[in-house]
Amino acid sequence: MTPAVTPDLHRKLTAWRQHLHAHPELSLHEKATAAFVQARLIELGIPFTANIGGHGIVATLTRGAAQGRVGLRADMDALPITEETGLAYASRNPGIMHACGHDGHTASLLGAAALLAADTSWSGTVDFVFQPAEEGLGGAKAMVADGLFERFPMTQIFGFHNWPGLEAGTIAVHDGVVMAAGGRVTLTIDGHPGHAGMPHLTRDPVVAAGHLIVALQSIVSRSVDPLDTAVLSLCTIEGGTVPNQIASRVTIRGTLRNHRGPVRDVITEGIERVCAGVATSFGVKVSSEVTPGVGVLANAPHEAGLARMAAERVAAPLRRDLAPSMAGEDFAFYLQHRPGAFVWIGNGALREGAELHGPYYNFNDAILPTASGWMAEVARTALSAN
């Protein structure tokens, strides 16, 4: 069994995590974050390769003569959200916040590296993957395209996400689907602008947009099999410049999520059908663009078993009964190339506004020993099983 995180290491990891929280960086801009990680790896005496797929880093430890090779991954980027926690270590970068806990994921992986570096009882190779740009900007894909699996030929890969609402330190392992496939939706409505007092001389894209938004919500409820799972969320709307002119264009953006590939096709076809109907009804032009995002994140059976075994070995409460999430995670892209497993580690009670991507969210430093311990132990468990 991997040695437990000591109180001294826990204090160090907490300080690292809170430093990262105070200095968040957006996807593709993680230069200072990457420099901080590299400095900690140097401090731990662990060799690494930087600038993989952008600001990505892979650190590598090898012990003994075993040929097994396992990857552990954490993400590093933050979100364009204004923090409202009031914490002493709150974001110092206006409008940018670690609202998803990637600061905690990064600190946890550094902790796993520290544990494995101090433990000489295991044999094989572990690659610690610090990934940029997880928040919808293709960080995993970029690292793979930059030769991640050729340069560091790991045969399995594991990761985790903190999970608000799940009891702190509890590890949830799914059999199969963990998180949804995603896609970006852009809808553009072009009308004919004119005076707000003479709407009969215009073709109003704002009115058409209102009907379009309502009609699109019927797709999941009336076109998708009720036994399937899907979400179509329209999250932004832009149009018009002054209050007394009918606008010329309205743009609506959102996402769709699903757990099975054929469901995406049903939703996409439904979007096109509804757009065509609204265009005809209101005399406007409506175009739709659906851009596929990450695929479905599904655990491989063998690796899910290893993840459960590691949870038991670090004496963490284990859950196997949680439903998959409709959120997406680009860890799914790694699983298109290597078998692996992705678990949730409870962040504690859910407070209003403190959910993932909420302005009051904060990673729970109390779970760092569990997260670091599980990551180190799943690597050891996988290597011993090879």
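Here is a short report on the structure shown in this document. (Residues numbered from 1 in each chain as written. Predicted model: local features only at pLDDT ≥ 70, side-chain atom pairs only at ≥ 80, totals over all residues. Heavy atoms only, no water.)

## Some remarks on the sheet that holds strand S10 (residues 230-239)
Okay, step 1: Reading across the sheet, the 4 strands line up as S10-S12-S8-S13 and stay open at both edges, with antiparallel pairing between neighbours. The strands lining the two open edges of the sheet, one partner per strand, are S10 and strand S13 (285-292). Across the sheet, the mean angle from the axis of one strand to that of its neighbour is 20°, orientation sign disregarded.
Okay, step 2: Relative to strand S12 (residues 249-258), strand S8 (residues 181-190) runs antiparallel, the two being bridged by 10 bridges. Across the sheet, the residue bridging to threonine 186 is arginine 253, located in S12.
Okay, step 3: In the packing of helix H8 (residues 261-282) onto the sheet, the strands contacted are S8, S10, S12 and S13, and the crossing angle to S13 comes to about 165°. (Pairing = 2+ DSSP bridges. Helix = DSSP H or I, 4+ residues; strand = E, 2+ residues; numbered from the N terminus. Axes fitted to C-alpha atoms, helices over the stretch in contact; angles between N-to-C directions. Contact = heavy atoms within 4.5 Å.)

## Observations regarding the packing of aromatic side chains
Okay, step 1: For the structure shown, the criterion picks out 4 aromatic pairs.
Okay, step 2: Pairing tryptophan 163 with tryptophan 344 gives two aromatic rings, centres 3.8 Å apart and planes at 5°, and the pair type is stacked. Taken together, the residues tryptophan 163 in strand S5 (residues 156-164) and tryptophan 344 in strand S16 (residues 340-348) connect sequence positions 181 residues apart.
Okay, step 3: The side chain of arginine 40 reaches across the aromatic face of phenylalanine 36, ending 4.5 Å from its centre. (Phe/Tyr/Trp six-rings, centres within 6.5 Å; stacked < 30°, edge-to-face > 60°. Lys NZ or Arg CZ within 6 Å of the ring centre and 35° of its normal.)

## Let's talk about the side chain of aspartate 127
Okay, step 1: Along the polypeptide, aspartate 127 turns up in strand S4 (residues 124-131).
Okay, step 2: Here the side chain of aspartate 127 touches threonine 60 through a polar contact of 2.8 Å, side chain to side chain.
Okay, step 3: Only 2.7 Å separates the side chain of aspartate 127 from the side chain of arginine 69, close enough to count as a polar contact.
Okay, step 4: Leave out the neighbours within four places in its chain, and aspartate 127 touches Val58, Ala59, Thr60, Arg69, Val70, Gly71, Leu72, Phe152 and Met154. (Polar contact = N/O pair within 3.5 Å; in protein donor to acceptor, adjacent residues only side chain to side chain.)

## Comments concerning helix H2 (residues 31-44)
Okay, step 1: If you check H2, its first and last C-alpha atoms are 20 Å apart, about what 14 residues at 1.5 Å a residue would give, namely 20 Å.
Okay, step 2: All buried positions along H2 are accounted for by Thr33, Ala34, Phe36, Val37, Arg40 and Leu41. Viewed along the axis of H2, the buried residues span an arc of 160°, placing them on a single side of the element. The outward face of H2, more than 90 degrees from its buried face, is lined by the exposed residues Lys31 and Ile42. (Expected span 1.5 Å × (residues − 1). Buried < 20%, exposed > 50% of the residue type's maximum accessible area, 1.4 Å probe, protein only. Arc of directions from axis to C-beta.)

## Observations concerning unusual backbone geometry
Okay, step 1: For leucine 28, which is not glycine, the phi dihedral falls at a positive 75°.
Okay, step 2: One can find leucine 28 in the loop between helix H1 (7-22) and H2.
Okay, step 3: Given a relative accessible area of 52%, leucine 28 falls into the exposed group.
Okay, step 4: In the Ramachandran plot, alanine 133 falls in the positive-phi region, its phi being about 55° despite a non-glycine side chain.
Okay, step 5: As for its position among the elements, alanine 133 is in the loop between S4 and helix H4 (139-145).
Okay, step 6: When its relative accessible area of 1% is taken as the criterion, alanine 133 is described as buried.

## Digging into the sheet that holds S16
Okay, step 1: Read from one edge to the other, the open sheet built from 8 strands follows the order S1-S2-S4-S3-S5-S16-S6-S15, with strand pairing classed as mixed. On the outer flanks of this sheet lie strand S1 (48-52) and strand S15 (318-319), each paired with one strand and no other.

## Side note on the pairing of S1
Okay, step 1: Relative to strand S2 (residues 56-63), S1 runs antiparallel, the two being bridged by 3 bridges. Residue phenylalanine 48 lies in a different strand from S2, and its bridge partner there is alanine 59.
Okay, step 2: Where S1 hands over to S2, the hairpin turn is made up of 3 residues, of which glycine 53 adopts a positive phi near 60°.

## Some points on the pattern of salt bridges
Okay, step 1: Tallying each qualifying case throughout the model produces 19 salt bridges.
Okay, step 2: Each of the salt bridges in this network shares a partner with another, and the network as a whole consists of Arg73, Asp75, Glu329 and Asp330. (Salt bridge = Lys/Arg side-chain N within 4 Å of Asp/Glu carboxyl O.)

## A few points about H8
Okay, step 1: Compared with an ideal rise of 1.5 Å per residue, which puts 22 residues at 32 Å, H8 spans 33 Å between its outermost C-alpha atoms and is within 8% of the ideal.
Okay, step 2: Of the positions making up H8, those classed as buried are Val263, Arg264, Ile267, Thr268, Gly270, Ile271, Val274, Cys275, Val278 and Ala279. Angular distribution of buried residues about the axis of H8 spans 165°; they occupy a single face of the element. Away from the buried face of H8 by more than 90 degrees, exposed residues Glu269, Arg273 and Thr280 are located.
Okay, step 3: Looking at the packing, one finds that the buried side of H8 touches S8, helix H6 (205-216), helix H7 (218-223), S10, S12 and S13.
Okay, step 4: Once H8 ends, the next one or two residues include glycine 283, with phi positive near 65°.

## Focus on the environment of alanine 113
Okay, step 1: Within the element layout of this structure, alanine 113 appears in helix H3 (residues 102-118).
Okay, step 2: A residue is classified by how much of its surface remains accessible, and alanine 113, at 0% relative accessible area, is buried.
Okay, step 3: Counting along the chain gives 47 residues from alanine 113 to phenylalanine 160, while the straight-line C-alpha distance between them is 15 Å.
Okay, step 4: Those residues in contact with alanine 113, other than ones at most four positions away along the chain, are Ile46, Leu61 and Phe128.

## Here we look at the side chain of threonine 170
Okay, step 1: Among the secondary structure elements, threonine 170 is positioned in the loop between S5 and strand S6 (171-172).
Okay, step 2: When near neighbours in sequence (up to four residues on either side) are disregarded, threonine 170 contacts Pro317, Arg319, Trp344, Ile345 and Gly346.

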